[in-house]
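An overview of the molecular structure
In case you want the letters, here they are:
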2 protein chains.
Amino acid sequence: MTDIMIVAIMRHNRLREMSMDSVCPHNNTFHCGDCRMNALCLPLALQTKEVERLDEIIQRGKPLQKDHHIYHAGEEFNSVFAVRSGSIKSYTISNNGQEQVTGFHLPGEIFGMDGIGQNRYTNSAVAMETSAVCEIPFNRLQDLSIAIPTLQRHFFQLMSLEITGDQQLLSLLSKNTAEERVATLLMSISNRNLRRKLSATRFRLPMSRADIGNYLGLTVETVSRVFSRFQKQTLLKVDKKEVELLNLDKLRELAN
Amino acid sequence: MTDIMIVAIMRHNRLREMSMDSVCPHNNTFHCGDCRMNALCLPLALQTKEVERLDEIIQRGKPLQKDHHIYHAGEEFNSVFAVRSGSIKSYTISNNGQEQVTGFHLPGEIFGMDGIGQNRYTNSAVAMETSAVCEIPFNRLQDLSIAIPTLQRHFFQLMSLEITGDQQLLSLLSKNTAEERVATLLMSISNRNLRRKLSATRFRLPMSRADIGNYLGLTVETVSRVFSRFQKQTLLKVDKKEVELLNLDKLRELAN
DNA sequence: TCAGAAATTTGACCCATATCATGTGGATCT
DNA sequence: AGATCCACATGATATGGGTCAAATTTCTGA
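The structure contained in this document is the topic of the report that follows. (Residues numbered from 1 in each chain as written. Chains lettered and ligands numbered in written order. Predicted model: local features only at pLDDT ≥ 70, side-chain atom pairs only at ≥ 80, totals over all residues. Heavy atoms only, no water.)

Attention shifts here to the side chain of R181 of chain B. All names here are of chain B. Structurally, R181 can be placed in helix α5 (residues 178-195). Buried and unpaired, R181 has no salt bridge, with E180 as the nearest side chain of opposite charge at 7.0 Å. Contacts of R181, omitting those with residues within four sequence positions, involve L172, L173, N176, L216, G217 and L218. (Helix = DSSP H or I, 4+ residues; strand = E, 2+ residues; numbered from the N terminus. Buried < 20%, exposed > 50% of the residue type's maximum accessible area, 1.4 Å probe, protein only. Lys, Arg positive; Asp, Glu negative; His and termini not counted. Salt bridge = Lys/Arg side-chain N within 4 Å of Asp/Glu carboxyl O. Contact = heavy atoms within 4.5 Å.)

Below, the structure is given as structure tokens:
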């Protein structure tokens, strides 16, 4: 779920001009039709009438504090989720007790699909900062998918993109150097920000160095060193979690 | 899609006693209802009547020679496939030109789902030995999924299992040693064989050492050395592609 | 606002695996 | 049956990133 996600998003890039301020995310009368993630979230391929039906089944939650879990691995699966604001981390605990970060989810992205296969979540999902998510009960989504074939298709596509994204990550982990891995993550976030009409060059990394390392199969120390090296080569500037990408071409080349 | 696949299969373990000889795989009048993979393939959750409808849309191919490609990355996506006999390898070519093996598919398993997201395959699929596959046109499968909700659900599950399988592989690559990776692959194949009522301890590896290494993020040399070491420790016996697992407990422990 | 904890950075050293090199056996072609 | 090739094995050496240690910065909570 890194680069590949972007493709899906790009294909439906009809973002609204509406700013975040024009809606109240704490308001439960809030609807998909008004959400600024509208065009890159689940409703992306639907007609107004259909969006209303989707709207009916979606439950909007209160803001979640940092470190609040949305679900834990092993719990019964009932819903998938969409990120409305903030950012979410997915991770599993492997049989030998180690955490493995499996994904970072930004606004407009769907997570929780890992639970479908076994009717229980295999990942845990936790808010990396104050966040809001929409809950989509899966049984009702399935029913609606039967009534709205476009939605069925779209959901199949979302899952397929998750598969290809994971496979790209596999390739990254098995063939690329530490620098290439970090550059790839940075470019992925940059691209995803661009799709949301945010800056592609200046942004805040919502995750810790430890999470980055875990996700990329590196130690914290290595991640830190790579950032330092990149900074020395003026590829970017980092100040705590704030990054500014100074040489997109070179970073893109590293990310390949 | 390694270990996790097994879970799906286990949950529907009502294998037929019918032997491979009792059906003719080259015969196009061959039906799902007669296939010995029946109980662990797509029909697994369907009623007899429903299987007949699935049967109608499935196209059975002639045997494929070793190295024959079923599709290439980049080609238009139209169908997913089920392995009837033999074994299939999926792989991608990364941006920097290197091959990345993304999966090995054994009889009863479905592949090609990576193509759904972008309407073109992101992987190439090739027969590792003489094989036969069933082609399932995806549009017709989608239509049928609307008529048979169980099928929709099952297909969602299959895709989800592919996601969780890839995620387990991610964890394996980012956290485990060469020995643990090889042991994990061996146990995965062993378990998948068991589900097909084949020996869990004696089998033929359909893939080369190079493919194993590529899949597990190791070089050929390392794979070869691990096999030698395992043999020295009498965990197994290898002769060319034939393996006999001698100490399942220890291997399982390594695979964790 | 300060103390203690947690996150990040940096350095020194080490090791698992990659790389390079060479050998061997089995398969395929002529 | 010899020649060529390819998969596999094994030894010698190199190295990227891990591990361990310690300093520094940032966060948190009373």
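Here we take up the pairing of strand β10 (residues 236-239) of chain A. Residue and element names in this part refer to chain A. Residue alternation in β10 divides its side chains into a buried set, L236 and V238, and an unburied set, K237 and D239. Two elements, β10 and strand β11 (residues 242-245), share four bridges in a ladder whose sense is antiparallel. In the sheet register, D239 faces β11, and the bridge partner there is E242. Where β10 folds back onto β11 in an antiparallel hairpin, the turn is made up of two residues, including K240, whose phi is positive at roughly 60 degrees. (Pairing = 2+ DSSP bridges.)

Attention now moves to the interface of chain A and chain B. Chain A puts 48 residues into the contact, and the matching count from chain B is 48 residues. Buried area between chain A and chain B, both sides added, is near 4,400 Å², and the carbon and sulfur share of it is 57%. On the chain A side of the contact with chain B, R153, F156 and L170 of chain A bury the most area, a combined 16% of that side's loss. Linking chain A with chain B are zero salt bridges. (Buried area = accessible area lost by both parts, 1.4 Å probe.)

Turning our attention to the nonpolar core. If you look at the biggest cluster of nonpolar residues, it comprises 82 residues, and the most contacted ones within it are L42, L141 and F155 of chain A together with L42, L141 and F155 of chain B. Setting aside residues up to four positions removed in sequence, L42 of chain B forms contacts with L54, I110, I136, L141, L151, H154, F155 and L158 of chain B. With 70 residues, the next largest nonpolar core counts V126, V182 and F230 of chain A together with I189 of chain B among its residues. (Core = buried A, V, L, I, M, F, W, Y, C linked by side-chain atoms within 4.5 Å.)

Around DNA strand D sit 17 residues, and of these A178 and T222 of chain A together with S224, R225 and S228 of chain B come closest. The sugar-phosphate share of atoms of DNA strand D within 4 Å of the protein amounts to 63%. Within the side chain of T222 of chain A, a nitrogen or oxygen atom sits 2.3 Å from a phosphate oxygen of DNA strand D. Here a base nitrogen of DNA strand D and a side-chain polar atom of R225 of chain B are 2.9 Å apart. (Near = heavy atom within 4 Å. Polar contact = N/O pair within 3.5 Å; in protein donor to acceptor, adjacent residues only side chain to side chain.)

Applying the stated criterion across every chain yields a total of 21 aromatic pairs over all chains. Their ring planes at 35 degrees and their centres at 4.7 Å tell us that F156 of chain A and F156 of chain B sit as a pair that is tilted. Of this pair, F156 of chain A sits in helix α4 (residues 149-175) while F156 of chain B sits in helix α4 (residues 149-175), each in a different chain. Each of the two residues, F156 of chain A as well as F156 of chain B, counts as buried. Summarising the aromatic geometry, the rings of F138 of chain B and F155 of chain B are spaced 5.8 Å apart at their centres and angled 50 degrees between planes, so their arrangement reads as tilted. On the criterion of sequence distance, the pair formed by F138 of chain B in helix α3 (residues 138-147) and F155 of chain B in helix α4 is long-range, its members being 17 residues apart. There is no split in this pair, since F138 of chain B and F155 of chain B are both buried. Positioned above the aromatic ring of F227 of chain A, the side-chain terminus of R209 of chain A is 4.6 Å from the ring centre. (Phe/Tyr/Trp six-rings, centres within 6.5 Å; stacked < 30°, edge-to-face > 60°. Lys NZ or Arg CZ within 6 Å of the ring centre and 35° of its normal.)

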